[in-house]
Structure formats: structure tokens, C-alpha cells
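Residue-level structure breakdown
Each chain, letter by letter, is given below.
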Amino acid sequence: GAVDDRRAEAEATAKRLAGQLHNARAEVGADDPALAVEDALRTFGADVIVISTHPEGRSNWLERGVVTSARERFAVPITHVVVDLDAEAAGV
């Protein structure tokens, strides 16, 4: 279903980002982003947290202020990456 499709998309993005970053670990966590970050920080230390979202206007996380909230809540630096899968598919 749609949830499985979104999870598969998130896992593919995480794998791609980990492959592009030196000494990176990427995984898809809980549906709640703050809980996913908390779980990850308990599992392994992180020098930086990368939050990947769809572009503004198509990102529920941006509308909910997830990136801003994470920057306020966690001491680890947050990097926000916008992934526009539609533009990538179109070769833009």
C-alpha cells in the first residue's frame, strides 16, 4: 500500500545519502520524526543528523515544522536536504 511505498522510497533515499557521505549510517525509523531521531541517538552517536524532505508545498514535514523543531530540540547539528523525486525522474 501507500505506507509501504513511502517506506521503500525513504529507505532508497537513506541508502543513497549514506553512499554519498563519508562514514555515514542511514536508516528509516519511526513514523514520528522526533521519535525516530531520539531512537537513533540512543542506538548510535551522531555528529550530524540529516533530515530529507520533499520540496516545500509537497512536504508534510515542512508544513509541520519538523526541521525547525529538531534544530531546537536536539544538540546535534541538523542538515536539511530537499529531495525532489519528480524533478529527478524528469531529468531536471
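Our subject is the structure listed above.
Just so we're clear, the structure is a prediction, and the values are computed from it rather than from any experiment.

Once that is clear, we can look at the overall build of the protein. The helix and strand tally for the protein stands at five helices and two strands. Sequence-ordered secondary structure for the protein, helices as α and strands as β, is α-α-β-α-α-β-α. Counting only residues that meet the buried cut, the protein has 24% of its 92 residues in that class. Of the contacts formed within the protein by residues at least 6 apart in sequence, a portion of 59% connects residues at least 24 apart.

Counting through the fold element by element, His 80 comes out in strand β2 (residues 78-82). Put simply, His 80 and Ile 51 are 29 residues apart on the chain and 4.9 Å apart in space, counted from C-alpha to C-alpha.

Formed by Val 37, Ile 49, Ile 51, Val 67, Ala 70, Phe 74, Val 76 and Ile 78, the largest nonpolar core amounts to eight residues. Every element with two or more residues in this core is listed here: β1 (49-53) and α4 (66-73). Sequence-distant contacts of Val 76, defined by excluding residues within four places in its chain, comprise Leu 41, Ala 46, Asp 47, Val 48 and Ile 49.

Turning our eyes to something else, we now look at helix α2 (residues 33-43). Those residues of α2 that fall on the buried side of the exposure criterion are Pro 33, Ala 36, Val 37 and Ala 40. Projected down its long axis, α2 shows its buried positions confined to an angular sector of 95°, all on one face. Where α2 is buried, its residues touch β1, α3 (60-63) and α4. Regarding α2, its N-cap is Asp 32, as a side-chain oxygen of that residue lies 2.9 Å from the backbone nitrogen of Ala 34 further along.

Turning next to the pairing of β1. Covered by surrounding structure in β1 are Ile 49, Ile 51 and Thr 53 only, the residues Val 50 and Ser 52 on the alternate face being uncovered. Here five bridges tie β1 to β2, and the two strands are oriented parallel to one another. Counted as the bridge partner of Thr 53 is Val 82 from β2.

What follows covers the pattern of salt bridges. Think of it this way: side chains of opposite charge can pair up when their charged atoms draw near. Within the structure shown, the criterion is met by three salt bridges. One salt bridge connects Glu 38 with Arg 73, and the closest N-O pair in it is separated by 2.0 Å. Within this pair, whereas Glu 38 is found in helix α2, its partner Arg 73 is found in helix α4, the two being separated by 35 residues in sequence. In this structure Arg 73 comes out as partly exposed when scored by relative accessible area, which is 47%. Across the salt bridge formed by Arg 58 and Asp 84, the nearest N and O atoms sit 2.6 Å from each other. Placement of Arg 58 in the loop between β1 and α3 and of Asp 84 in the loop between β2 and α5 (85-90) is noted, with a sequence separation of 26 residues between them. Accessibility expressed as a relative area gives 26% for Asp 84, which makes it partly exposed.

Calculation rules
- Residues numbered from 1 in each chain as written.
- Predicted model: local features only at pLDDT ≥ 70, side-chain atom pairs only at ≥ 80, totals over all residues.
- Heavy atoms only, no water.
- Helix = DSSP H or I, 4+ residues; strand = E, 2+ residues; numbered from the N terminus.
- Buried < 20%, exposed > 50% of the residue type's maximum accessible area, 1.4 Å probe, protein only.
- Contact = heavy atoms within 4.5 Å.
- Core = buried A, V, L, I, M, F, W, Y, C linked by side-chain atoms within 4.5 Å.
- Arc of directions from axis to C-beta.
- Polar contact = N/O pair within 3.5 Å; in protein donor to acceptor, adjacent residues only side chain to side chain.
- Pairing = 2+ DSSP bridges.
- Salt bridge = Lys/Arg side-chain N within 4 Å of Asp/Glu carboxyl O.

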